[in-house]
Amino acid sequence: MKRKNLLGLSRQELVALAVEMGERPFRGKQLYHQIYRRRIFKWTEMTDLPVAFRERLARDFRVTLPSVANRQDSSDGSVKFLMELEDGLRIESVYIPEPSRDTLCISSQVGCGVGCTFCMTARMGLLRNLKPGEIVGQVLGVIQEKLLTPGVFNVVFMGMGEPLYNYRNVMRAFQLLTDPEGMNLSRRKITISTSGVAPVLEKMLGEEFTPNLAISLNATTGELRDRIMPINRKWNIEDLLNVCGRLYRDDPRRRLTFEYVLLKNENDSDRDAVRLANLLKGIPAKVNVLPYNPNSGLPHSRPDPERVQRFCRILTERQVAVFVRKTRGDDISAACGQLAWLRSEGVGIAT
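Residues numbered from 1 in each chain as written. Predicted model: local features only at pLDDT ≥ 70, side-chain atom pairs only at ≥ 80, totals over all residues. Heavy atoms only, no water.

Bringing the overall build of the protein chain into the picture now. A tally of helices and strands in the protein chain yields 10 helices and 16 strands. Relative to the 2.2 N^0.38 estimate, which gives 20 Å for 351 residues, the radius of gyration of the protein chain is 21 Å and therefore close to what a compact globule would have. Taken along the three principal axes of its C-alpha coordinates, the protein chain extends 70 × 50 × 40 Å. Counting across all 351 residues of the protein chain, residues that qualify as buried make up 55%. Nonlocal contacts in the protein chain, meaning residues at least 24 apart in sequence, comprise 65% of its contacts between residues at least 6 apart. For the protein chain, the exposed surface amounts to about 16000 Å²; the carbon and sulfur share of it is 47%. Of the charged side chains in the protein chain, 52 are positive and 40 negative; the average position of the first set lies 3 Å away from that of the second. (Helix = DSSP H or I, 4+ residues; strand = E, 2+ residues; numbered from the N terminus. Rg over C-alpha atoms; globule rule 2.2 N^0.38 Å. Buried < 20%, exposed > 50% of the residue type's maximum accessible area, 1.4 Å probe, protein only. Contact = heavy atoms within 4.5 Å. Areas by Shrake-Rupley, 256 points an atom, 1.4 Å probe, with all protein chains shown as cover. Lys, Arg positive; Asp, Glu negative; His and termini not counted. Charge placed at Lys NZ, Arg CZ, Asp CG, Glu CD.)

Moving on, we get to helix 5 (residues 167-178). Along its 12 residues, helix 5 runs 16 Å from first to last C-alpha, staying within 8% of the 16 Å computed at 1.5 Å per residue. Among the 12 residues of helix 5, nine are classified as buried, and the element is accordingly described as predominantly covered. Burial in helix 5 covers these residues: Tyr 167, Asn 169, Val 170, Met 171, Ala 173, Phe 174, Leu 176, Leu 177 and Thr 178. Looking at the buried residues of helix 5, the elements they touch are helix 2 (25-37), helix 4 (132-144), strand 9 (153-157), strand 10 (190-194) and helix 6 (198-204). (Expected span 1.5 Å × (residues − 1).)

Okay, helix 3 (residues 51-60) next. Listed as buried for helix 3 are Phe 53, Arg 54 and Leu 57. Across the axial projection of helix 3, the buried residues extend over an arc of 95 degrees, all falling on one side. Residues of helix 3 that are exposed and point over 90 degrees away from its buried face: Glu 55 and Arg 59. In this structure, the buried side of helix 3 is in contact with helix 1 (11-20), helix 2 and strand 2 (61-62). (Arc of directions from axis to C-beta.)

The full count for this structure, using the stated rule, is 24 salt bridges. The partner of Arg 325 in a salt bridge is Glu 259, with the nearest N and O atoms 3.0 Å apart. Of the two residues, Arg 325 is situated in the loop between strand 14 (321-324) and strand 15 (341-344) and Glu 259 in strand 12 (residues 256-262); the sequence distance between them amounts to 66 residues. Look at Arg 325 and you get partly exposed, because its relative accessible area is 26%. One salt-bridge network, in which partners are shared between bridges, spans Arg 11, Asp 179 and Glu 181. (Salt bridge = Lys/Arg side-chain N within 4 Å of Asp/Glu carboxyl O.)

This part covers the packing of aromatic side chains. Aromatic ring pairs are defined here through the distance separating the ring centres and the angle between the ring planes. Scanning all chains against the criterion turns up two aromatic pairs. Geometrically, the ring pair formed by Tyr 32 and Tyr 36 is tilted, given 4.8 Å between the ring centres and 50 degrees between the ring planes. Of the two residues, Tyr 32 and Tyr 36 both sit in helix 2, four residues apart, roughly one turn of that helix. Measuring from centroid to centroid gives 5.2 Å for Tyr 260 and Phe 311, while their planes differ by 25 degrees, and the two rings are stacked. Remark: Phe 311 occurs in helix 10 (residues 305-317) and Tyr 260 occurs in strand 12; sequence separation between them is 51 residues. Taking the relative accessible area as the measure of exposure, Tyr 260 reaches 1% and is therefore buried. Note on Phe 311: relative accessible area 0%, which makes it buried. Positioned over the ring face of Tyr 32 is Arg 11, at 5.8 Å from the centre of the ring. (Phe/Tyr/Trp six-rings, centres within 6.5 Å; stacked < 30°, edge-to-face > 60°. Lys NZ or Arg CZ within 6 Å of the ring centre and 35° of its normal.)

All right, on to the sheet that holds strand 11 (residues 212-216) then. The mixed open sheet is built from 10 strands, whose spatial order is 3-4-5-6-9-10-11-12-13-14. On the outer flanks of this sheet lie strand 3 (67-73) and strand 14, each paired with one strand and no other. Each adjacent strand pair in this sheet contributes to an overall mean axis angle of 25 degrees, direction not counted. Bridge analysis of strand 10 against strand 11 gives four bridges, and the strand direction is parallel. Residue pairing for strand 11: Ser 193 is matched across the bridge by Ala 214. (Pairing = 2+ DSSP bridges. Axes fitted to C-alpha atoms, helices over the stretch in contact; angles between N-to-C directions.)

With that settled, the discussion passes to the nonpolar core. In terms of nonpolar packing, the biggest core is built from 118 residues, with Phe 258 and Val 287 touching the most fellow members. Ranked by the residues each element gives to this core, the list is headed by helix 5, at seven residues. Once residues within four sequence positions are removed from consideration, Phe 258 is found in contact with Ile 215, Leu 217, Leu 241, Cys 244, Leu 280, Ile 283, Ala 285, Lys 286, Val 287 and Asn 288. (Core = buried A, V, L, I, M, F, W, Y, C linked by side-chain atoms within 4.5 Å.)

Attention now goes to the environment of Phe 157. Checked against the element boundaries, Phe 157 lands in strand 9. Here Phe 157 falls in the buried class, since its relative accessible area comes to 2%. Separated by 43 residues in the primary sequence, Phe 157 and Val 114 place their C-alpha atoms 15 Å from one another. Beyond its immediate sequence surroundings of up to four residues, Phe 157 is in contact with Ile 106, Ser 108, Ile 135, Pro 163, Val 170, Ile 190, Thr 191, Ile 192 and Ser 193.

Bringing the side chain of Asn 5 into the picture now. Along the chain, the position of Asn 5 falls in strand 1 (residues 4-5). Engagement of the side chain of Asn 5 in a polar contact is seen with the backbone nitrogen of Leu 7, the distance being 3.1 Å. At 3.0 Å, the side chain of Asn 5 forms a polar contact with the backbone nitrogen of Thr 64. If we ignore the near neighbours within four places in the chain, the residues touching Asn 5 are Arg 62, Val 63, Thr 64 and Glu 86. (Polar contact = N/O pair within 3.5 Å; in protein donor to acceptor, adjacent residues only side chain to side chain.)

In short, the description is geometric, and any link to function would need to be established separately.
The structure is reproduced here in structure tokens:
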């Protein structure tokens, strides 16, 4: 019988496991601490635990991270990891070094079913949701590569997949990442990006603690958003912004991020900028403008720098906080919208 992987179990679940094995509850807490705080994954190295307990654990259980199948280093310092899961499927994660704080971009699904026309991941379709351990395992794996200082980095769910279509597992991973007795990341260092799953955003209104949210808007009219983001046909701009306006109403210190991928001659006109400013009135918001990162075979192109500057200036003149997201890792296809792992004749190909 295959040994069960304990990666992804919560503190309470590991305590229950220890009690079931005839140990006192604090042994489960010690086990949790070994995995998530000390990042020890071999039973022989968990010397805080009694030898007999470790031997029984080794017989029936294991702690296994996704394996690094490939690593690509960008000229700008970014690193893209192709990680293989236990069923042979693969996902991509990207380490992005910054002067003030490093960022890790992680995946929440294998592929994506949303179908945005400017994103390479859409070409994969949706293969399956990631489990909590596979989500957290990406972070632990990059820490093992000695690229991240524990506790001093940001995590963004902006890799493969629509996180809110895997809401339960993503929120379990969020709890593991932020537990003070475990990985101990600040909640304010974690951001979930979503294409706009309005019913799940409604559900988040009832959560005690939530990560930062980034809403991928990318259009100012329903007609264009229907075309480039088919999810708009389920939950249109009006429905989405209605929920967004209520998300942070009880916490005036927080602002929603709206992501806007600029597509040449499609959503980058002066009129689009004015409409965007009007749409966001009354919402505590900032806008991240992302000049499109070109992908072979996708029907879009990047605007000229002058057009990007003009678009942002119009927003600024209307008191909208706007930032231009710097493209990182595009020489290794690690930039926003470029992540994909495609199968060809049964063989995985990282692109």
